[in-house]
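Letter by letter, the chains look like this.
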Amino acid sequence: PRKSLRSMTPAEFAASHDHADATPSLLCDVWGHGDAGREDWCQALVEQLADASVEFQMQQETHSELLCGSFEEFLDLCFESTHNRAFFLFDENLMEQRADLRSQLRLPVEYFGEDLFARFPPKVQPKDACLIVGGEGARSTLHSDPFDFMGTNYCLEGSKLWTFIAPDPLCD
């Protein structure tokens, strides 16, 4: 189910999500930026990264190819993306020097608590922001995130489809 964080108090959120048999749900309105704030954030992102050099995938039906170009060139290709020829970028380093943009994506502590990854030794801390951008038809391979990671995805435009596979009870 899709739930708006703005419609719940922190206590209501905890009661509905803080137990092992909680139903996974899609949370909306987590940052409260609204449409105007989201547009401003996207504009700032594009302005700051336009000339940055990026590596990205062109995914075709039978294979993928790694390409290089500027972030702006990549975004232009995304608008031409189709299910048969899709463009996909996954970069853990682009946002590193963009503390102003990352700070706007922090989860509300009153709902989600302290970021416990901040207690990890710096060399093993996961990045606090990873930029994943794709045009129509972009996809990732089947994977499992490290640390049973509960990532936060901020879908700026369009939609994203996730497929979850339940763990094998015999492996627990």
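Quick caveat: nothing in here was measured; it's all calculated off a predicted structure. (Residues numbered from 1 in each chain as written. Predicted model: local features only at pLDDT ≥ 70, side-chain atom pairs only at ≥ 80, totals over all residues. Heavy atoms only, no water.)

1. Re the overall build of the chain
Stage number 1. What the chain contains, in helices and strands, is five helices and six strands.
Stage number 2. Seen in sequence order, the chain has helices and strands lined up from the N terminus as β-α-β-α-β-β-α-β-α-α-β.
Stage number 3. Each of the three principal axes of the chain carries a C-alpha extent, and together these read 45 × 40 × 35 Å.
Stage number 4. In the chain, which comprises 172 residues, the proportion classed as buried is 23%.
Stage number 5. Put simply, 67% of the contacts in the chain that link residues at least 6 apart link residues at least 24 apart.
Stage number 6. Total accessible area computed for the chain in this model is approximately 12,500 Å², and 53% of it derives from carbon and sulfur atoms.
Stage number 7. Here the chain holds 13 positive side-chain charges and 30 negative ones, and the gap between their average locations is 3 Å. (Helix = DSSP H or I, 4+ residues; strand = E, 2+ residues; numbered from the N terminus. Buried < 20%, exposed > 50% of the residue type's maximum accessible area, 1.4 Å probe, protein only. Contact = heavy atoms within 4.5 Å. Areas by Shrake-Rupley, 256 points an atom, 1.4 Å probe, with all protein chains shown as cover. Lys, Arg positive; Asp, Glu negative; His and termini not counted. Charge placed at Lys NZ, Arg CZ, Asp CG, Glu CD.)

2. A short note on the pattern of salt bridges
Stage number 1. Under the counting rule described, the total for this entry stands at one salt bridge.
Stage number 2. For the salt bridge of Arg 119 with Glu 114, the shortest nitrogen-to-oxygen distance reads 2.8 Å.
Stage number 3. What makes Arg 119 exposed here is its relative accessible area of 61%. (Salt bridge = Lys/Arg side-chain N within 4 Å of Asp/Glu carboxyl O.)

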